[in-house]
Amino acid sequence: MKDLMERTLVRCADGHVFSTSSFPMQKAERLGPGRLVRCPRCARLRSVVPVSLEKR
């Protein structure tokens, strides 16, 4: 049940970074990393990709 509430850090096409609990079909590699999610900053349905947390 914990996996259902897990949040994902994402970046929208406009560069806004936010977390979402609804990142649909995250494990579907054949669809690529991008998904459509409503961005809370620009209030539009945007293409988002997960943000990598590794340090460079």
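The shown structure was predicted, so the numbers you read here are calculated from the model rather than taken from an experiment. (Residues numbered from 1 in each chain as written. Predicted model: local features only at pLDDT ≥ 70, side-chain atom pairs only at ≥ 80, totals over all residues. Heavy atoms only, no water.)

## Thoughts on the sheet that holds strand 1 (residues 8–12)
- The antiparallel open sheet is built from four strands, whose spatial order is 2-1-4-3. Two strands close off the open sheet at either side, each with one partner strand: strand 2 (17–20) and strand 3 (35–38). Strand-to-strand, the axes of this sheet are offset by a mean angle of 50°, without reference to chain direction. (Pairing = 2+ DSSP bridges. Helix = DSSP H or I, 4+ residues; strand = E, 2+ residues; numbered from the N terminus. Axes fitted to C-alpha atoms, helices over the stretch in contact; angles between N-to-C directions.)

## As for the pattern of salt bridges
- One pass over the full model with this rule turns up one salt bridge.
- Linking D14 and R46 is a salt bridge whose minimum nitrogen-to-oxygen distance equals 2.9 Å. Of this pair, D14 sits in the loop between strand 1 and strand 2 while R46 sits in strand 4 (residues 45–50), and the two are 32 residues apart along the sequence.
- Assessed through its relative accessible area of 46%, D14 is described here as partly exposed. (Salt bridge = Lys/Arg side-chain N within 4 Å of Asp/Glu carboxyl O. Buried < 20%, exposed > 50% of the residue type's maximum accessible area, 1.4 Å probe, protein only.)

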